[in-house]
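# Results of the structural survey
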Amino acid sequence: MTATLTLPDDLADNECRQFDLPGESHSAFVIRHRGQVYAYRNACPHLGIALNWLPDQFMDPDRCFIQCANHNALFTVDDGHCITGPCAGDTLTPLPVARRDGKLVIDIA
Ligand code: FES
């Protein structure tokens with residue numbers, strides 16, 4: 001399914017927001033880190049399940065990496081690369097995100 005989603009651009013640094021993907025079982029999330037906004041599908045490359053247990057919680061306790069709550073894999077925020085854990089070397093699936101007129105615009109292919 002192809003869709004364009006629009007979310008408010010009001011995230012604080014290191015804050016995440018989960019959102020549904022139309023017609024898909026997995027959700028996705030946006031994260032602001034060091035002034036940049038990134039979006040990823042909420043599917044861990046280890047088992048293909050959701051990364052988070054709590055809504056909008058995708059970061060490690062130090063707020064440096066995206067963390068999978070299941071087996072504690074850590075992913076770099078800027079490119080979704082897994083640096084440690086059972087899926088080390090794999091990556092999260094990014095979604096293109098742009099900022100337009102005070103909104104985050106995410107294209108779902
Ligand atoms: S499901 Fe994410 S590390 Fe295992």
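Keep in mind that this is a model prediction, so the values were computed, not measured.

Definitions and cut-offs
- Residues numbered from 1 in each chain as written.
- Predicted model: local features only at pLDDT ≥ 70, side-chain atom pairs only at ≥ 80, totals over all residues.
- Heavy atoms only, no water.
- Buried < 20%, exposed > 50% of the residue type's maximum accessible area, 1.4 Å probe, protein only.
- Helix = DSSP H or I, 4+ residues; strand = E, 2+ residues; numbered from the N terminus.
- Pairing = 2+ DSSP bridges.
- UniProt positions renumbered as here; feature names shortened; annotations may be inferred.
- Salt bridge = Lys/Arg side-chain N within 4 Å of Asp/Glu carboxyl O.
- Contact = heavy atoms within 4.5 Å.

So, on to the pairing of strand E3 (residues 27-33). Consecutive residues of a regular strand have side chains that alternate between opposite faces of the sheet. By the criterion of burial, E3 is predominantly enclosed, with seven of the seven residues buried. With five bridges connecting them, strand E2 (residues 16-20) and E3 associate as antiparallel partners. Following the sheet pairing, Asp20 is matched in E3 by Ser27. Between E2 and E3, which pair antiparallel and follow one another directly, the connecting turn spans six residues, one of which, Gly23, has a positive phi of 75°. As paired elements, E3 and strand E4 (residues 36-41) share six bridges and run antiparallel to each other. Residue pairing in the sheet places Phe29 in a bridge with Tyr40 of E4.

Before going further, it helps to examine the sheet that holds strand E7 (residues 82-84). As a general point, the strands of a sheet are linked pairwise by backbone hydrogen bonds and lie either parallel or antiparallel. Spatial ordering of the open sheet is given by E5-E6-E7, a layout of three strands whose pairing is antiparallel. Looking at which strands have only one partner, the edges of the open sheet turn out to be strand E5 (66-67) and E7. With two bridges joining them, E5 and strand E6 (residues 74-75) adopt antiparallel strand pairing. Note that in E6 the partner of Gln67 across the bridge is Leu74.

Mapped onto the present numbering, the UniProt feature "domain: Rieske" (unreviewed entry) falls at residues 3-106. As annotated, residues 3-106 comprises 0% helix and 39% strand, and the C-alpha atoms at either end are separated by 8 Å.

This part is about the pattern of salt bridges. Evaluation of the coordinates by the stated rule reveals four salt bridges. Note that Asp10 is salt-bridged to Arg17, the shortest N-O span being 2.8 Å. The exposure class assigned to Asp10 is partly exposed, which follows from its relative accessible area of 48%. Residues joined in a network through salt bridges with shared partners are Asp9, Arg32 and Arg99.

As for its placement among the helices and strands, Pro86 is situated in the loop between E7 and strand E8 (94-95). Relative accessible area serves as the criterion here: at 47%, Pro86 is assigned to the partly exposed category. Measuring from C-alpha to C-alpha, the distance between Pro86 and Gln57 comes to 20 Å, with 29 residues separating the pair along the chain. Ignoring sequence-local partners within four residues, the contact set of Pro86 consists of His46, His71 and Ala73.

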